[in-house]
Amino acid sequence: MQSLMATSASDINRAQVRIGTRGSPLALAQADETRARLIAAHPQLAAPGAIEIRVIKTTGDKEQNRPLSEIGGKGLFTKEIEEALLAGEVDVAVHSMKDVPTWLPEGLVIDCLLPREDPRDVLIATAGNSIATLPQGAVVGSASLRRAAQVKALRPDLSIVPLRGNVETRIAKVQRGDATATLLALAGLKRLHKQNVATAILSVDEILAAVAQGAIGLGTRANDDRVNALLAPHNDRNTQLRVAAERACLAVLDGSCPTAIAAYAELSGDAMRLRALIALPDGTQVHRQAASGTATDAVALGTQIGRKLKEMAGPDFLS
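Keep in mind that what you see is a predicted model, and the values were worked out from it rather than measured.

Looking at the overall build of the chain
Turning to step 1, where the next piece is worked out: Counting its regular elements, the chain contains 10 helices and 13 strands.
Turning to step 2, where the next piece is worked out: Total accessible area on the chain is roughly 13800 Å²; 50% of this is exposed by carbon and sulfur atoms.

As for the sheet that holds strand β11 (residues 260–268)
Sheet strands pair by backbone hydrogen bonding; their relative direction is either parallel or antiparallel.
Turning to step 1, where the next piece is worked out: One open sheet accounts for 3 strands, arranged β11-β12-β13; its pairing is antiparallel. Each edge of the open sheet is held by one strand with a lone partner, namely β11 and β13 (286–294). Pairwise comparison of adjacent strand axes, ignoring direction, gives a mean angle of 10 degrees for this sheet.
Turning to step 2, where the next piece is worked out: In the sheet, β11 pairs with strand β12 (residues 271–279) via 9 bridges, with the strands oriented antiparallel. Across the sheet, Ala 262 pairs through a bridge with Leu 277, a residue of β12.

Side note on the side chain of Gln 30
Turning to step 1, where the next piece is worked out: Note that Gln 30 resides in helix α2 (residues 25–41).
Turning to step 2, where the next piece is worked out: By relative accessible area, which is 5% here, Gln 30 ends up buried.

Section: the nonpolar core
Within soluble globular proteins, side chains that are nonpolar tend to cluster in buried spots.
Turning to step 1, where the next piece is worked out: Met 97, Met 272, Leu 274, Ile 278, Ile 305 and Leu 309 are the most contacted members of the largest nonpolar core, which totals 29 residues.
Turning to step 2, where the next piece is worked out: Those elements that provide at least two residues to this core are β4 (108–113), α9 (237–253), β11, β12 and α10 (298–313).
Turning to step 3, where the next piece is worked out: Sorting elements by how many residues they give to this core places α9 first, with 6 residues.
Turning to step 4, where the next piece is worked out: Contacts of Met 97, omitting those with residues within four sequence positions, involve Ile 110, Leu 113, Ala 212, Ala 215, Ile 216, Gly 217, Val 243 and Arg 247.
Turning to step 5, where the next piece is worked out: In this structure, Leu 38, Ile 53, Val 92 and Leu 114 belong to the second largest nonpolar core, which totals 18 residues.

Examining the sheet that holds strand β7 (residues 159–161)
Turning to step 1, where the next piece is worked out: The mixed open sheet is built from 5 strands, whose spatial order is β7-β6-β8-β5-β9. Looking at the sheet topology across the chains shown, the edges are occupied by β7 and β9 (200–201).
Turning to step 2, where the next piece is worked out: In terms of strand pairing, strand β6 (residues 139–141) meets β7 through 3 bridges, oriented parallel. Looking at the pairing, Gly 141 lines up with Val 161 of β7.
Turning to step 3, where the next piece is worked out: Against the sheet, helix α5 (residues 145–154) makes contact with β5 (121–125), β7 and β8 (181–185), and its axis sits at roughly 130 degrees relative to β8, the strand it touches most.
Turning to step 4, where the next piece is worked out: Here helix α6 (residues 167–175) sits on the sheet in contact with β5 and β8, set at roughly 160 degrees to β8.

Definitions and cut-offs
Residues numbered from 1 in each chain as written. Predicted model: local features only at pLDDT ≥ 70, side-chain atom pairs only at ≥ 80, totals over all residues. Heavy atoms only, no water. Helix = DSSP H or I, 4+ residues; strand = E, 2+ residues; numbered from the N terminus. Areas by Shrake-Rupley, 256 points an atom, 1.4 Å probe, with all protein chains shown as cover. Pairing = 2+ DSSP bridges. Axes fitted to C-alpha atoms, helices over the stretch in contact; angles between N-to-C directions. Buried < 20%, exposed > 50% of the residue type's maximum accessible area, 1.4 Å probe, protein only. Core = buried A, V, L, I, M, F, W, Y, C linked by side-chain atoms within 4.5 Å. Contact = heavy atoms within 4.5 Å.

Dropping the structure here:
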């Protein structure tokens with residue numbers, strides 16, 4: 001890949017923008033999209049060495065044999081990249097927003113979100129063409145408590161087993177029989193041009209999306225006026241408002257990987273609709289809320305929904 005050419009220390013110093021990213025094919029595709037958008041808006045960055053993409057291995061990438069909930073939950077795919085950003089080793093951190101903790105480290109901001117890709121999940125199955133038609137007692141592989149809880153709520157007979165790895169790895173595990181089916185984000189498949197492997201696209205009425213799923217956030221140092229000015233034209237207002245509402249809901253619930261939480265905001269003109277849920281991982285209890293408001297009240301709407309869910313579930317539910 002052109003953006004991954006080897007760079008010496010002097011090359012790094014000459015780079016006008018240094019982009020930090022994970023090394024999975026999907027993460028690199030997102031970093032390349034960021035690079036392409038920067039060059040399109042700022043032609044001077046097309047010069048050789050003007051943009052460097054630096055791969056940073058995160059804790060989540062290193063720890064592949066244990067469930068995410070056992071090794072710390074949120075932040076596992078962002079911590080090392082954020083540390084490199086704070087240390088001045090990179091200028092932009094490319095994040096899948098669904099992996100970003102509710103609160104950012106002091107001194108960092110995510111003020112630029114690229115246009116959101118389709119946030120729905122897909123089913124990839126070797127038998128059956130929907131969740132309803134999976135064989136009785138079929139094994140579904142997923143490391144996501146959000147997906148597991150909603151699948152179990154729909155089909156209590158199904159067995160959920162941990163299934164981790166990048167998109168290609170999880171697809172391969174299903175194809176070789178480690179599980180009958182798995183659920184993946186359609187956004188990731190589309191960015192990798194692999195959407196044809198999906199058995200079915202699941203509506204948000206069936207499986208509600210993860211908070212900020214499909215959105216790419218570009219993290220920077222709050223005081224880096226130069227880089228923030230370069231990124232400013234790329235911020236997508238529609239995505240920013242929807243993600244703000246969903247993350248406001250998440251903040252009230254103080255959600256992390258051990259918590260089954262979903263939230264999805266839709267925007268039509270200035271009208272916003274937000275729906276969210278919290279669930280026990282085994283799907284035996286699912287609490288849902290939905291409300292509408294204006295886009296300018298996105299954070300207030302998310303906060304309202306989060307508080308209603310917390311009240312419905314009771315004080316011990318999330319613990």
